[in-house]
2 protein chains.
Amino acid sequence: MDTNTTAEVAAATASNISQAGIIIIFILCALTIIGAFVYAAWLAKWVRAQKNENKEIERIAGLIRSGADAFMRKEYLILAVFAGVVAVLIFLFLPGPVWKQANINSNLTMALCYIAGTVFSAIAGKIGIYVASLANARTAEAATHGIAPAFRIGFRGGSVMGLLVVGACLLGVMAVMLLVGDASALLGFSFGASSLALFAKAGGGIFTKTADVSADLAGKVEMGIPEDDPRNPAVIADNVGDNVGDVAGMGADLFDSNVASMAAAIVMGAALDGGTGANVMMVFCYAALGLLASLVGIATAKVSDNGTPTGALNSSTYVTTGVFLVLTALATLIFPCFQWRIWGASAVGLMVGVIIGLATNYFTDDNKPIVPKVAHASKTGPAFTILSGVSYGFLSVVPAMVGIAFSALIAYKLCEPLGDGYAMYGISMAAVGMLSIVGTIISSDAFGPIVDNARGLAEMGGLGEETIRNADALDSAGNTVKAVTKGFAIGAAGLTVISLLGAFMSEVNMALTEMGRLGELLTGFNLIDPTVFFGVLVGGSIPAVFSAMLILGVDKNAQRMIAEIHRQWNEIKGLREGVEGVEPDYNKCIDIATEGALKELIPAGAVAILATIVVGMVGGVNAVGGYLLGNIVTGLLLALFMSNAGGLWDNAKKYIEAGNEGGKGSDAHKAAVIGDTVGDPFKDTAGPSINTQITVVSLVASLMATIFLNFSIF
Amino acid sequence: MDTNTTAEVAAATASNISQAGIIIIFILCALTIIGAFVYAAWLAKWVRAQKNENKEIERIAGLIRSGADAFMRKEYLILAVFAGVVAVLIFLFLPGPVWKQANINSNLTMALCYIAGTVFSAIAGKIGIYVASLANARTAEAATHGIAPAFRIGFRGGSVMGLLVVGACLLGVMAVMLLVGDASALLGFSFGASSLALFAKAGGGIFTKTADVSADLAGKVEMGIPEDDPRNPAVIADNVGDNVGDVAGMGADLFDSNVASMAAAIVMGAALDGGTGANVMMVFCYAALGLLASLVGIATAKVSDNGTPTGALNSSTYVTTGVFLVLTALATLIFPCFQWRIWGASAVGLMVGVIIGLATNYFTDDNKPIVPKVAHASKTGPAFTILSGVSYGFLSVVPAMVGIAFSALIAYKLCEPLGDGYAMYGISMAAVGMLSIVGTIISSDAFGPIVDNARGLAEMGGLGEETIRNADALDSAGNTVKAVTKGFAIGAAGLTVISLLGAFMSEVNMALTEMGRLGELLTGFNLIDPTVFFGVLVGGSIPAVFSAMLILGVDKNAQRMIAEIHRQWNEIKGLREGVEGVEPDYNKCIDIATEGALKELIPAGAVAILATIVVGMVGGVNAVGGYLLGNIVTGLLLALFMSNAGGLWDNAKKYIEAGNEGGKGSDAHKAAVIGDTVGDPFKDTAGPSINTQITVVSLVASLMATIFLNFSIF
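Scoring rules and cut-offs
Residues numbered from 1 in each chain as written. Chains lettered and ligands numbered in written order. Predicted model: local features only at pLDDT ≥ 70, side-chain atom pairs only at ≥ 80, totals over all residues. Heavy atoms only, no water. Helix = DSSP H or I, 4+ residues; strand = E, 2+ residues; numbered from the N terminus. Rg over C-alpha atoms; globule rule 2.2 N^0.38 Å. Buried < 20%, exposed > 50% of the residue type's maximum accessible area, 1.4 Å probe, protein only. Contact = heavy atoms within 4.5 Å. Lys, Arg positive; Asp, Glu negative; His and termini not counted. Charge placed at Lys NZ, Arg CZ, Asp CG, Glu CD. Salt bridge = Lys/Arg side-chain N within 4 Å of Asp/Glu carboxyl O. Least-squares fit on C-alpha atoms with pLDDT ≥ 70 in both. Core = buried A, V, L, I, M, F, W, Y, C linked by side-chain atoms within 4.5 Å. Expected span 1.5 Å × (residues − 1). Axes fitted to C-alpha atoms, helices over the stretch in contact; angles between N-to-C directions. Parallel < 35°, antiparallel > 145°, perpendicular 65-115°, else oblique. Buried area = accessible area lost by both parts, 1.4 Å probe. Polar contact = N/O pair within 3.5 Å; in protein donor to acceptor, adjacent residues only side chain to side chain. Nonpolar A, V, L, I, M, F, W, Y, C, P; charged D, E, K, R; others polar.

Engineer: Tell me what's going on with the overall build of chain A, and back it up with residues and numbers.
Structural biologist: Tallying secondary structure elements over chain A gives 19 helices and zero strands in all. The C-alpha radius of gyration of chain A comes to 25 Å, within 12% of the 27 Å expected for a compact globule of 714 residues. With respect to the principal axes defined by its C-alpha atoms, chain A has extents near 75 × 55 × 45 Å. Looking at chain A as a whole, 67% of its 714 residues qualify as buried. When contacts within chain A are restricted to residue pairs at least 6 apart in sequence, those whose partners lie at least 24 apart make up 83%. Taking the average location of the 40 positive side-chain charges in chain A and that of its 54 negative ones, the two points are 3 Å from each other.

Rendered as structure tokens:
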């Protein structure tokens, strides 16, 4: 390390990497991608080979699987139309109006990269959710033999998603760089990934809560039938919702963040030393090593003899973290052009990611003091469930926001001595570091809905109390880890969008340089500049509007679905009475939830995007810089608040159901159920969609930089 | 206007005002202050002379009055200790460490100005609340003769507060300028006003909700006695709470904003052309004309034959607005050194203030579509009351945030051509313009709790149905206007703190100039600078923490008070049974609410102030600039959200109680009551206290500028 420290300033000014180094790193990338895909294929095959003999379980699992298929088909159909329209707009306008371009290649490339971004994410999501929906029934059956074998199936099922997402991300980014060779084109690819994430996460979020609310209101409340009664036309949609929201949605979200963090780092790295300079190659090297570390973490995850499922998931995360830090340190030793300071920045990012996860756990785990407090407050009535949950939800944002603030500051200051531009690059590498373990994170996250479904299937299939207890233990671990991974996803998005702010400035300056307007080059965005300030305030209000539209969308959509449930009950003879062989039209409900979700989502996304364009047209690039900042600040605040408060309410309800504060059926329980109902669209619809909204808006800003430079009022 | 336009650029570079002009403006100030005080005294005397014959009403009103006295006594006692400690700290450290100062005068002046700020606001509040507590009983009796005479007493009672607050503000600022002659000393005066506002608004907010919740839970729920049963030891505290929260709290809040806006404008005006230059005198002239306009607006307010109380309150606001615009236009014609562009900036500010008020009205008035929607959603259960209220609360922030953004942008661009420094000065004059009508605003606001109490007194005193109907009409008008004035107060604070951000930069640069560190002079705060960004994220999390601590404080404090209620019931013989002549110890409950409120408030305030200091010590003045911005953005968002959502829930409950969606006692009503309980601490404790938190933090930052310049890590 010493030799490097003395040489680093000299190296920084001319950080070249040998041709051999470049080839080695790309080979490393290719090998880890192949490794990830092969391992995922093996895991999928292994999961499918597991015992699956209970007919009733298989029948219900089959309904869920075909429901998920119906959702994905519809979603991808609408997405294809949407993506087609956007691709045409991109071709016409980006990076500049096509009629003013010397040749149309750059516009065409941008449009193709955009489409590629959506397709890569879509394929990974599709396969992942398919395997997850195979794993649930098999996990249920394995639970008859104990926690450890059931854990293995659930986790391996989820891991297919984790490996595919990260592998596809690295493959896509590498392909764009090798084929196009232009870092800016990556922003197009990243925008494609964001579009898909917006559909998958926000659309899936509306879908799942629509189904949940409708099934409960029409079934449990009106008809007085149990939660999972097959006479309820919405029951399969409800089960599908868990899968599409958490498996596909979270996967697309983290694919998006992962691509965006790499894109931002590569854009800034390329500005430092060109398309395949040391700093760009460092991004690829770290991403490949992160995937490798995830492979190790996933392969070693298992419940030991005295261990718990939560312990197994956590240790898998820690193994991944440790392996990543060691491997990247080795790489920094081997490649003399890699800087220790940058390694430090990515290590800081990763550490802060882990800290955010632990802090989220503190506020949402029932073994920690906060959940019992909210449960206790529920004894005084539902208003106090809400008030205490809102209060602790507000407090829970502090560790993450301060953590992100410190990691950005430390990364910047660490890399600043390396030379001009390195400081912002350092922040983007902190984001890359934080996202390095994302393969393991997605695997743990996808584990949640698989074991959740497995628990339901075990009950419906009559597998006995022992099995249900085992499945319960897994479900509880899944819930805890889910809250943590949500916190992590938001934190990662936070650090990523900071680098996107840097990327936006890079894009603006590149455009200004091309236009020869060198006198206007940005050195930043000044808060005292009223156009910046204007942007900050408008940008700050957008996440609130976006959240409100999504939550109201759930409400409107649920009303449509309830009408459909009533129609089926009235028109399908024998359904109400439960005559043998009479089944409701499950797919119709799934269609309504899907179409409605996308119908409600599009205006919310459109408001965010149009506001960006209006702000840019009014105040130019300075206003957009402020707009992005305001969006990041209130976006992080609301995303963290809603996700954590939602998780807190959910677990407070479960804590009471476990026999505390009066247990199931008590007044405290009724109050906690109200809290949980409020928390559902908070944590599953609005909260985690805000990340995606921020990323989408940041990318729109970067892509439209040239247009804002040429047309604005002030 | 033409002659001015052609001359304006020349005038701007040397905007001197003649000695005669200065004298005329100061005489104008003195005359309007005297006019306001004399008119207030006459109104107070008039209110006291009104008929007050019902013994039962007088007895209960007397209890409320002495309860309010007890609160104010205790509050001012604790405040005196707090202010004493702060004054010593100011003397020791501000504007610089006293042991490093050439002479101690500037430190002594700063400490004295601080104390003066607290005392001026305290006296105005004390008298105002006294008159308001006289007016309630008389309003109730007058309601037997109709709406118009009752309106007159209620409004005139509230006007005493309005006139005293604005008169005291102008007097204080003028006294500091004439005696000290240093614009920076005004920041000390302003900090004093903010300290008082923090106690009055946040402390009063915790007090009122503590009493409300405890009285309801121990009385209505446990004992099953009616809301205003005199056996309940907390019942007087509950009634006192309405007065101290809305009359004294809102008065102190707007006193604070008004002083801060004048201080910021004067600091920036003085930087342009010295202590009594045209731009400083313009602030005084506009403030005096605003007070004069408020006098006219107040004097002309009355319910016409076919009119409604809401109409009368609105027309009083419009009269004030119109008179102000005409008078300031005349002044700009008369004084050739006044700029039309600056007049334009203040007109824009005022207009945006009115727009914010109207938008708030749209979201909280039951004649508009939103309140019925939330009432309708309540039919599905309390979770939907909460979810729809949260969603519309989020949407309601947009007009205000975008309005503030546009007014700042327009004011800046309007004044920018006048020369360096005029643009930020223009923003501060927009804030002065927005606050010009504050006398009328406070009068309308204080009208609310007076008629609210009057309605209760009319019922308890058995004045008959006709009277109660009249009082109800007034109460409803009071509620609508209260929501609007809260929106206005937050908007005004928003624009003021933008100018405080400018004032902070002025202070930093002045300190740098004194230290001879001219190379470091700030030209703004760059968002891409990681210390600024660090500050933004930390500052953005503070309003959430502050709100959470206040809401949790209400909860803790209520538990203490409920214990005291139980103690009195157990220990005072005959109280439970209602034996004639046995009374609870009302003042003990008031003491507990007061002490507890201040105990819970101080940590919340301390966290905000300490975070400012830590951020300054870590990242220096740049981090503090970012911190203030982050604080403003999320502070505005949360303040508007909580105030509006709370008002919306309150009115949705009242809308149902008026017979809609099933009426009183229906499930929808029960759900709406839960929404209202959640909304209470939102709208009366946390929401409106955030303004004050932002102002306090901004002033701490400005006052400590020199210290941050000398000691910081990065």
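Further notes follow.
Engineer: So what about the pattern of salt bridges? Which residues, and what values?
Structural biologist: Residues and elements named next belong to chain A. One pass over the structure, following the stated rule, counts 46 salt bridges over all chains. With a shortest N-O distance of 2.6 Å, Glu571 and Arg567 are connected by a salt bridge. One end of the pair, Glu571, and the other, Arg567, are both in helix H16 (residues 530–571), four residues apart, so they sit about a helical turn from each other. Since its relative accessible area comes to 33%, Arg567 is described here as partly exposed. Within the structure, one salt-bridge network assembled from shared partners comprises Lys209, Asp212, Asp650, Lys654, Asp680, Lys683 and Asp684.

Engineer: Let's hear about the relation of the copies chain A and chain B: which residues, and what values?
Structural biologist: Least-squares fitting of chain A to chain B yields an RMSD of 0.1 Å, with the superposition described by an axial translation of 0.0 Å and a rotation of 180 degrees. Both copies of the chain, as the preceding transformation shows, are related through a two-fold rotation axis. The C-alpha atom lying nearest the rotation axis in chain A is that of A:Asn526; the distance is 2.2 Å.

Engineer: Can you break down the nonpolar core residue by residue, with the values?
Structural biologist: Membership of the largest hydrophobic core comes to 550 residues, with the highest contact counts inside it found for A:Phe284 and B:Phe284. If we skip the residues at most four places from it in the chain, A:Phe284 touches A:Ile25, A:Phe26, A:Cys29, A:Leu170, A:Val173, A:Met174, A:Met177, A:Met262 and A:Ile266.

Engineer: How would you explain the environment of B:Tyr76 if you had to name every residue and give the values?
Structural biologist: Secondary-structure assignment places B:Tyr76 in helix H3 (residues 55–93). Along the backbone, B:Tyr76 and B:Arg455 are 379 residues apart, and their C-alpha atoms lie at a distance of 29 Å.

Engineer: So what's going on with helix H12 (residues 382–415) of chain B? Which residues, and what values?
Structural biologist: Between the first and last C-alpha of H12(B) there are 50 Å, a value that for 34 residues agrees with the 50 Å anticipated at 1.5 Å per step. Of all the 34 residues making up H12(B), 26 are buried; the element is thus mostly covered by neighbouring parts of the structure.

Engineer: Give a description of the packing of helix H9 (residues 309–334) of chain B against helix H10 (residues 340–364) of chain B that names residues and reports values.
Structural biologist: Relative placement of two packed helices is described by the angle separating their axes and the distance separating the axes. All names here are of chain B. One can describe the packing of H9 onto H10 by two numbers: an axis separation of 10 Å at closest approach and a directional angle of 175 degrees. With respect to each other, H9 and H10 are oriented roughly antiparallel. Along its contact with H9, which presents Tyr318, Thr321, Phe324, Leu325, Thr328, Ala329, Thr332 and Leu333, the element H10 presents Trp340, Trp343, Ala347, Leu350, Met351, Val354 and Leu358.

Engineer: Talk me through the environment of A:Gly322; I want residue IDs and the actual numbers.
Structural biologist: Residues and elements named next belong to chain A. By the element assignment, Gly322 lies in helix H9 (residues 309–334). Given a relative accessible area of 32%, Gly322 falls into the partly exposed group. Placed 153 residues apart in sequence, Gly322 and Asp475 show a C-alpha to C-alpha distance of 27 Å.

Engineer: Report on the interface of chain A and chain B, specifying residues and quantitative values.
Structural biologist: Each side of the interface is counted separately: chain A has 66 residues, and chain B has 66 residues. Where chain A abuts chain B, roughly 6100 Å² becomes buried across the two surfaces, and 89% of that area is made up of carbon and sulfur atoms. Scanning the region where chain A abuts chain B turns up zero salt bridges. Linking chain A to chain B there are six residue pairs in polar contact (both at pLDDT 80 or more). Elements with a contribution of two residues or more to the side of chain A that touches chain B: helix H6 (183–223), helix H12 (382–415), helix H15 (465–515), H16, helix H17 (586–657) and helix H18 (667–703) of chain A. When residues of the side of chain A that touches chain B are assigned to their parent elements, the largest contribution, 20 residues, is made by H12(A). The residue inventory of the side of chain A that touches chain B, partitioned by class, reads 51 nonpolar, 13 polar and two charged.

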